[in-house]
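What follows is the residue order along each chain.
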Amino acid sequence: MLALLAQEVDFVRPAIDWHAVAPELTLLAFGALVTVMDIVWLERGRRLTSSVASIALLVTMIPIVTLALDGEDRVMFGGAFVVDNYALVMKAMFLVAGYVVVLLSTNYVAEGDYWESEYYGLLLSSILGMVLMASARDLITVFVALELLSIPAYMLATWRKRDLKSNEAGLKYYLMGVFASAIMLYGMSLLYGGAGSTLLADINEAVSVDGSPSAIVVVGVIFVIIGFAFKVSAFPFHTWAPDTYEGAPTPVTAFLSVASKAAGFVALLNLLFVGFFGRDDVYEPLIWILAAASMTVGNLVALRQTNLVRMLAYSGVAQAGYMLAPLAVASDVGDAALTATVTYLLVYAAMNLGAFAIVLAVARKTRSAEIDSFKGLFGYAPGLTIAMSVFLFSLAGIPPLGGWWAKFRVMEAVIEAESASGVVLGVFVAVNSVIALYYYARIGLGMWAEDAPNGDTTPIRVPASLVSALAITAALTIAFGVYPPLVSEFDVTLLAGGLGG
Amino acid sequence: MSDFLRSYLTVGIFGLIGVALVGVFLGLGKILRPNKPTLAKTEAYESGVEPTGDMWSQANIRYYVFALLFVMFDVEAVFIFPWATRLEAYGTFGLIEMAIFIFILLLGLLYAWRKGVLKWA
Amino acid sequence: MSSLLAASSADVPFPILSALVVTPFLGALLMLVLPNGRPEYFKQVAFLVSGAVAGMTAWVMVEFDKHTADEFQFVDSAEWIAGLGISWTLGLDGISLWLVVLTAALFPLTILAIEAEHTPKAYYAWLLLLEAGVMGVFLALDLFAFFVFFEIVLVPMYFLIGQWGHGARAYAATKFFVYTMFGSAFMLVGILATAFLTAAETGNAVSFDLVYLAEEQALATTTARWIFLSFAVAFAVKVPLFPVHTWLPDAHTNAPTAGSVILAGVMLKLGTYGLLRFGIYLFPEASVYFAPALVALGTIGIIYGAIAATMQKDLKRLVAYSSVAHLGFIVIGTFALNTEGLSGGLLQMVNHGISTGALFLLVGWIYDRRHTRLIAELGGLQKPAPVFAAVFMVVMLSSVGLPGLNGFVGEFLALLGAFAAHRWWAIVAATGVVIAALYLLWAYQRVFHGPAEGDNAEMKDLTWSEGAIMVPFLAAIFVMGLYPAPVLERMEPAVDALIEHIEGNVEDFDEADADQGEDLDVDDLKDLGKKKDSKATDESALVEGGAG
């Protein structure tokens, strides 16, 4: 032991491609800046922090764009950190989603009882974790990124600290998240034990050896996937989602339901396509069951919800099922499955953030997220009603909106597999779309056709930041559907770059 | 049975023996010792002071903050000691890296200080 | 991609078909930005937009080359999603021409005829969006585009029923939406399977082009049958065929008048048109295989719809059930898979749109005046409203299928075709004609004859403007009844091409032709219209056909 310590190994400084890590460093610097502002000015600084946060996210887009224009795949730290087109697309999505969340938060936080600078600092560090996750191709990097994005999110969920529901939200999210992390970490340690490396590419080589699957690999893969199933709130690991979504401040809920879920999927994609790809006999049946169960249960339970946020939580479970579906045939269709899930993530981010933006806008007047409080919205807020209809019907998968194209890609992937299991999953998606339509359309009809409760038709004053958020999300939702090459073009570059390893 | 599982079998047997040993000794003690309970014997031992009030008393929340700060700097030490033994090999690069690390920690400490965490009042 | 597509697109300088789809869509957007302060503009703008569409359609109808009616004309194609072989391809042949004309005519008339009860802005916006969607369905030559339009159509109709309907409108709207969505969910699986399996079989790139897929016929027989079923489910719900018809009476009863007119007039045809274009054309073998089943369902629909209609107490529900019966005729004609049947089915699609559309309008006007549609509460309307009664009579007789009026030609041809192909089913179906006469005449008698009491005596007669709206309907009823040749001669080449397509792709398919392989002569049909006795003609024709 001592001999080992005394052994002198020449230290080689790892080569650092500063351009490749520029997005992470920029975010880190701005996160530190928010803290420094807080240290220097205390509460006097809080007026500026939301602007600083939005500037941070926009500035971080610059290196993303230059990296994309450069087009070169960059690999660092022996393959633990990879910047390819897939990573860039996902990073850009996290930044835009984060930007929209900042827009949603600006008035909400400033007008609430807990107007603190930390909110944006935590938000930025969570986004930093997500941006890092997109590049993570190593178990440790994946885990560090996961914790970096989760821990601030736990705190954000319980932001309204004197509100019991918010406490419940944060606590449930925290306990379930930690539990999931523990399971995942156990799975990772088994995989490391089996493969002798934490690099996903090495793990793939080690686990893909032909022959009967060894117990260690099976258990490792299953545990890691289950850990992320919590993160993406797939049935039966979704139980935290409705309570957390309902209790957390609405902008945070939007953040959790979109960015955090997407980060879970990004990690899952990295793991499946780089780490476990050769072991489809293990992960495909598992994902198949998760996907089918998530969409069915999520949709059926969503039917009975009376609170819009809870309904969106359960519909989010169902949507996670749709996003998982292509992964259940990943070995047959390869890139098509990856593209389908990535497309769905992008579109889902736009439409779901939009739906939450509407919830926020309407709640400014009604102070409620009950579905009944949306009745008669058309009478006093026609613009919001039209936007909400766009988001709801997009979520339901009605053409020509983005959600339709996303669902089309998913169906395409499962059918392209030309296997019985793929077609059955396709039928699951089809039938579930119909179930989902029922509750989405019901809200739509209520907004258009019914009378406002109590006959209260004073108009809603929507602040500029919310209007911008709505404009961004609605434009993207419609554009993705009307002209799908917008997301399909990403597909092409995605395929060209592929998942580095 | 694979080699891998066989090695876990060893762990399992080891664990079983451990549990059995504890059980045997405690059981033996239970059988052999005289049993004369008095009120004083059944009380929970608490720093020699007689316990008052409910067992579920709340600790002051400030302890929690101090504990957190302690853990933070404790972990810092875990990083810094090994680094120190290899400083020569790392050279300037290592020095800068550690400076950044300590700077970020320092920021945290400053933050805690500014927010009044270090005051007990 | 195909010689069919290249055929006649060269002489179209302007993408007229895209304009037919895009104009109402832009109109709907325009409606949203119109100021709320001047509600009277909404109707005028909506009418102008749909009128412009009708004008363009009239131009298309005139320019349509009847000698190449079997080819897609005015083809308008642009790349949409290149990576998956999805294109924006619109085209028009003898099959879709008349449905497009029907759509273009029905919308402005409906907009003119019925005042929005409330929130006119949204009402006319939805109507225009609906027109864009329906146009798209009839014109799309790309499976992806077709599906997109097929789905788009649902949303405006859902809101029209849900927001401007009566009674259990939310229930009816949701039932309509969920039923049709259920069908189309299966169709989506079918569409994707068609495209990808064809690509896999042929080794070509994936394409959603209808003509390419239909000409390629690359799928294995069993696979094609399964996929045909997935399409058939979607269209059967839309038609609607027994036993998935139950949404229709609810939707019609609770829909606003405009919704009923459009629903009956054009939207039900989306299903029968789909069966024709995407069922038979894409899967000829499977169509032949499943034809008996579909004819059986159609016949059950005829009898069931007729019996159910007889027992209705609500005039509108009666008309709704009569639609189930009429659509049954279209289906049995179509799946007779011979020239007579297909032409008859196609003609009946147009006829049903005219007659039932007009009938729903008239029922809507009765409701506006009397605020009830219950047959028992109406009576003797003939006395205070003689013109109304006369118009109602003509429209109703056209729906019954009186010779000389439009309904007769289509129904007769459909039955003729069905008789040649599936004799016994046709005979059963023919009794549906009798029952139709029974329930419609009986309803007429109860509503218009007898003494007019109470409010019924005060019933206002048809106004001049309402009369003006009925003129095009009546003209169509008479013209198509007496001289259907211009319509038929534009359909026939397309229908013959479809049958050739079946013959070319299905081994030992024998067209069960009513007059021994001789194609139906247009001149015969001119005479057909002039024969007077409906039942006698029916029977004699059936016997003649049967003798062959």
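What you are looking at is a predicted structure, and each value in this text was computed from that prediction instead of being measured.

K.L.:
Can you lay out the overall build of chain B for me, pointing to particular residues and giving the numbers?
P.N.:
Counting its regular elements, chain B contains four helices and zero strands. Its C-alpha radius of gyration of 26 Å places chain B more than 25% over the 14 Å reference for a compact globule of 121 residues. Each of the 121 residues in chain B was classed as buried or not, and the buried ones make up 0%.

K.L.:
Give me the lowdown on the overall build of chain A, citing residues and values where you can.
P.N.:
Scanning chain A for helices and strands turns up 21 helices and two strands. Radius of gyration (C-alpha) of chain A: 22 Å, near the 23 Å computed for a compact globule of 501 residues. Viewed in the frame of its principal axes, chain A has a C-alpha envelope of about 80 × 60 × 45 Å. The buried share among the 501 residues of chain A stands at 61%. Long-range contacts, defined as pairs at least 24 residues apart, comprise 80% of the intrachain contacts of chain A with a sequence gap of at least 6.

K.L.:
So, the nonpolar core: which residues are in play, and what are the values?
P.N.:
Membership of the largest hydrophobic core comes to 419 residues, with the highest contact counts inside it found for Met93, Phe94, Leu104 and Met133 of chain A together with Val153, Ile332 and Ala418 of chain C. At 22 residues, helix 15 (residues 335–366) of chain A tops the list of elements feeding residues into this core. Look past the residues within four positions of Val153 of chain C in its chain and what remains in contact with it is Leu130, Gly133, Val134, Val137, Met267 and Leu270 of chain C.

K.L.:
Give me the interface of chain B and chain A: which residues, what numbers.
P.N.:
Each side of the interface is counted separately: chain B has ten residues, and chain A has ten residues. Sorting the residues of the side of chain B that touches chain A by element identifies helix 1 (3–32) and helix 4 (87–114) of chain B as the ones contributing at least two each. With seven residues, the single largest contributor to the side of chain B that touches chain A is helix 4 of chain B. For the side of chain B that touches chain A, the class distribution of residues is eight nonpolar, one polar and one charged.

K.L.:
Please give an account of the domain arrangement of chain B that cites residues and values.
P.N.:
For chain B, the assigned domains are domain 1 (1–36) and domain 2 (57–121). Centre-to-centre, using C-alpha coordinates, domain 1 of chain B lies 41 Å away from domain 2 of chain B.

K.L.:
Which residues make up the environment of Phe228 of chain A, and what values do they have?
P.N.:
Within the secondary structure, Phe228 of chain A sits in helix 9 (residues 215–231). Considering only alpha carbons, one finds Phe228 of chain A and Lys261 of chain A, 33 residues apart in sequence, at a separation of 9.3 Å.

K.L.:
Report on the environment of Met93 of chain A, specifying residues and quantitative values.
P.N.:
All names here are of chain A. Note on placement: Met93 falls in helix 4 (residues 85–111). Placed 38 residues apart in sequence, Met93 and Val131 show a C-alpha to C-alpha distance of 9.1 Å. When residues no more than four places from it in sequence are discounted, the contact partners of Met93 are Ala262, Leu345, Leu346 and Ala349.

K.L.:
I'd like to hear about the packing of helix 6 (residues 143–152) of chain C against helix 8 (residues 169–202) of chain C, residue by residue, with values.
P.N.:
Residues and elements named next belong to chain C. Between helix 6 and helix 8, the least distance of the axes is 10 Å, while the angle of their chain directions is 170°. The pairing of helix 6 with helix 8 is recorded here as roughly antiparallel in orientation. Seen from helix 6, the contacting residues are Leu143, Phe147, Phe150 and Glu151; seen from helix 8, they are Ser184, Met187, Leu188, Ile191, Thr194 and Ala195. Classifying every residue of the contact of helix 6 with helix 8 by side-chain character gives seven nonpolar, two polar and one charged.

K.L.:
I'd like to hear about the interface of chain A and chain C, residue by residue, with values.
P.N.:
Contact residues are listed per partner, giving 28 residues for chain A and 26 residues for chain C. Elements with a minimum of two residues in the side of chain A that touches chain C: helix 18 (402–416), helix 19 (420–449) and helix 21 (485–497) of chain A. Top contributing element to the side of chain A that touches chain C by residue count: helix 19 of chain A, with 13 residues. Residues that form the side of chain A that touches chain C fall into these classes: 20 nonpolar, three polar and five charged.

K.L.:
Help me get a handle on the environment of Val395 of chain C, residues and values and all.
P.N.:
One can find Val395 of chain C in helix 16 (residues 386–400). Considered as a pair, Val395 of chain C and Ser355 of chain C are 40 residues apart in the sequence and their alpha carbons are 5.8 Å apart.

K.L.:
If you had to explain the arrangement of the chains to someone new, which residues and values would you point to?
P.N.:
By contact count, the dominant pairing among the two pairs of chains in contact is that of chains A and C. With no contact formed, the shortest span from any C-alpha in chain B to any C-alpha in chain C equals 43 Å.

K.L.:
Account for the pairing of strand 1 (residues 73–81) of chain C, with residues named and values stated.
P.N.:
Residue and element names in this part refer to chain C. Summarising the sheet, strand 1 and strand 2 (residues 86–92) pair through six bridges and their orientation is antiparallel. Bridging from a neighbouring strand, Ile81 pairs with Ile86 of strand 2. Linking strand 1 to strand 2, which pair antiparallel, is a turn of four residues; within it Gly85 sits at a positive phi near 65°.

K.L.:
Outline helix 2 (residues 18–41) of chain A, supporting the account with residue identities and numerical values.
P.N.:
In helix 2 of chain A, a bend of some 35° at Glu24 of chain A exceeds every other bend along the element. Of all the positions in helix 2 of chain A, only Ala20, Pro23, Thr26, Leu27, Leu28, Phe30, Gly31, Val34, Thr35 and Asp38 of chain A are classed as buried. Elements that come into contact with the buried residues of helix 2 of chain A comprise helix 3 (46–70), strand 1 (74–76), strand 2 (81–83), helix 4 and helix 5 (118–135) of chain A together with helix 4 of chain B. Taken from the residues just after helix 2 of chain A, Leu42 of chain A is the one with a positive phi, measuring 50°.

K.L.:
An account of the confidence of the model for chain B is requested, with residue identities and associated values reported.
P.N.:
All names here are of chain B. When the pLDDT values of chain B are averaged, the result is 82; 90% of them are 70 or greater. Mean pLDDT per element in chain B: helix 2 (residues 39–42) is the minimum at 72, and helix 1 is the maximum at 89. Two summary scores accompany this predicted model of the complex, namely pTM at 0.85 and ipTM at 0.84.

K.L.:
Run through the packing of helix 12 (residues 280–302) of chain A against helix 19 of chain A, naming residues and quoting values.
P.N.:
Residues and elements named next belong to chain A. As a packed pair, helix 12 and helix 19 sit with axes 9 Å apart at the nearest point and diverge in direction by 15°. With respect to helix 19, the axis of helix 12 lies roughly parallel. As for the relative orientation of helix 12 and helix 19, their crossing is left-handed in sense. Facing Trp288, Ala291, Ala292, Met295, Thr296, Asn299, Leu300 and Ala302 of helix 12, the residues of helix 19 in contact are Ser421, Leu425, Phe428, Val429, Asn432, Ile435, Ala436 and Tyr439.

K.L.:
Before we move on, could you go through the pairing of strand 2 of chain C and cite the residues and values that matter?
P.N.:
Most of strand 2 of chain C is tucked away: seven of the seven residues are buried. Of the two faces of strand 2 of chain C, the one lined by Ile86, Trp88, Leu90 and Leu92 of chain C and the one lined by Ser87, Thr89 and Gly91 of chain C are each fully buried.

Definitions and limits used
Residues numbered from 1 in each chain as written. Chains lettered and ligands numbered in written order. Predicted model: local features only at pLDDT ≥ 70, side-chain atom pairs only at ≥ 80, totals over all residues. Helix = DSSP H or I, 4+ residues; strand = E, 2+ residues; numbered from the N terminus. Rg over C-alpha atoms; globule rule 2.2 N^0.38 Å. Buried ≥ 20, exposed ≤ 12 C-beta atoms within 10 Å, placed from the backbone. Contact = placed C-beta atoms within 7 Å. Core = buried A, V, L, I, M, F, W, Y, C linked by C-beta atoms within 7 Å. Nonpolar A, V, L, I, M, F, W, Y, C, P; charged D, E, K, R; others polar. Domains from an automatic or database assignment. Axes fitted to C-alpha atoms, helices over the stretch in contact; angles between N-to-C directions. Parallel < 35°, antiparallel > 145°, perpendicular 65-115°, else oblique. Pairing = 2+ DSSP bridges. Bend = angle between axes of the 7 residues up to and from the residue. pLDDT = per-residue confidence, 0-100. Left-handed = near helix turned anticlockwise from the far one by under 90°.

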